[in-house]
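# Observations on the model geometry
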Amino acid sequence: MDIKRVKDYIYWLYYQYLLITCSYVLEPWERSMFHTITVTVFAMVVYTAYVFIPIHVRLAFEFFSQIFGGQPESTV
């Protein structure tokens, strides 16, 4: 793939991001604060999903396996 086309595509994606968030009307310092907050919130969402979704999936699997006739883990 051509490097110039990749670079143009990344610039186009960034421009779309600016248009969707309406941050192109902000001053540079406001834009940097907005991007910092956005990246921080996104990182917290990804971390929370990474930590807690496997736990919830396991608990849901155990719950539904008990409902639909699965063997209990301990019969003692």
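Owing to the predicted nature of the structure, the values given are computational and were not obtained by experimental measurement.

## Notes on the overall build of the protein
Helix and strand counts for the protein come out as 2 helices and 0 strands. In the protein, which comprises 76 residues, the share counted as buried stands at 4%. For the protein, the accessible area works out to roughly 7200 Å², and carbon and sulfur atoms hold 72% of it.

## Digging into helix α2 (residues 28–67)
Look at α2: 56 Å from first C-alpha to last across 40 residues, which is about the 58 Å you get at 1.5 Å a residue. At Phe 52, α2 shows its largest kink, close to 35°, and the proline Pro 54 lies no more than four residues downstream. Just past α2, the residue Gly 69 takes up positive phi, approximately 85°.

## A few points about the pattern of salt bridges
Throughout the structure, instances matching the rule amount to 2 salt bridges. Residue Arg 58 pairs with Glu 62 through a salt bridge whose shortest N-O separation is 3.0 Å. With Arg 58 and Glu 62 both in helix α2, this residue pair falls 4 residues apart, about one helical turn. Residue Arg 58 is classed as partly exposed on the basis of its relative accessible area, which comes to 45%.

## Some thoughts on helix α1 (residues 3–21)
When the terminal C-alpha atoms of α1 are compared, their 27 Å separation across 19 residues agrees well with the 27 Å that a helix rising 1.5 Å per residue should span. Where α1 begins, one side-chain oxygen reaches toward the backbone nitrogen of Lys 4, 3.3 Å away; that side chain belongs to Asp 2. Directly beyond the C-terminal end of α1, a positive phi value near 60° is found at Cys 22.

## Points about the UniProt feature "transmembrane region" (unreviewed entry) in the protein
Per the UniProt entry, the sites bearing "transmembrane region" (unreviewed entry) are residues 9–26 and 32–53 in this numbering. Helix makes up 72% of residues 9–26 and strand 0%, and the two end C-alpha atoms of the span are 23 Å apart. Its end C-alpha atoms 31 Å apart, residues 32–53 is made of 100% helix and 0% strand.

## Quick notes on a nonpolar patch on the surface
On the surface, a nonpolar cluster with roughly 490 Å² of combined accessible area is contributed by Val 6, Tyr 9, Ile 10, Trp 12 and Leu 13. Position of Leu 13 relative to the elements: it lies in helix α1. Leu 13 gets classed as partly exposed once you look at its relative accessible area, which sits at 40%.

## Some points on the side chain of His 35
Within the fold, His 35 resides in helix α2. His 35 sits in the buried class, given a relative accessible area of 19%. Not counting chain neighbours up to four residues away, the residues in contact with His 35 comprise Tyr 14, Tyr 17, Leu 18 and Ser 23.

What counts, and at which threshold
Residue numbering note: each chain is counted from 1, following its sequence as written. Only residues with pLDDT of at least 70 are given local features in this predicted model, and only at 80 or more are side-chain atom pairs given and counted; all residues enter the totals for whole chains, interfaces and linings. Side-chain metrics rest on all non-hydrogen atoms present in the structure, leaving aside hydrogens and water. Put simply, DSSP marks the helices as runs of H or I at least four residues long and the strands as runs of E at least two long, and each gets a number from the N terminus on. Partly exposed residues are those whose accessible area sits between 20% and 50% of the maximum for their type, while under 20% is buried and over 50% is exposed, using a 1.4 Å probe and protein chains only. Computed by Shrake-Rupley with a 1.4 Å probe, the accessible areas treat only the displayed protein chains as cover when residues are assessed. Multiplying one less than the number of residues by 1.5 Å gives the expected span of a helix. One fitted axis covers the seven residues ending at a residue, a second covers the seven starting there, and the bend at that residue is the angle between these axes. By definition, a salt bridge exists where a carboxyl oxygen of Asp or Glu is found within 4 Å of a side-chain nitrogen of Lys or Arg. Any pair of nitrogen or oxygen atoms within 3.5 Å is treated as a polar contact; in protein, a donor-acceptor pairing is required on top of that, and neighbouring residues in sequence qualify only through side-chain atoms on both sides. UniProt positions are given in the numbering used here, feature names are shortened, and annotations may be inferred rather than shown by experiment. Surface patches are drawn from residues lacking salt bridges whose relative accessible area is over 30%; two like charges belong together within 9 Å, two nonpolar side chains (Val, Leu, Ile, Met, Phe, Trp, Tyr) within 5 Å. Contacts are assigned to residue pairs with any non-hydrogen atoms lying within 4.5 Å of each other.

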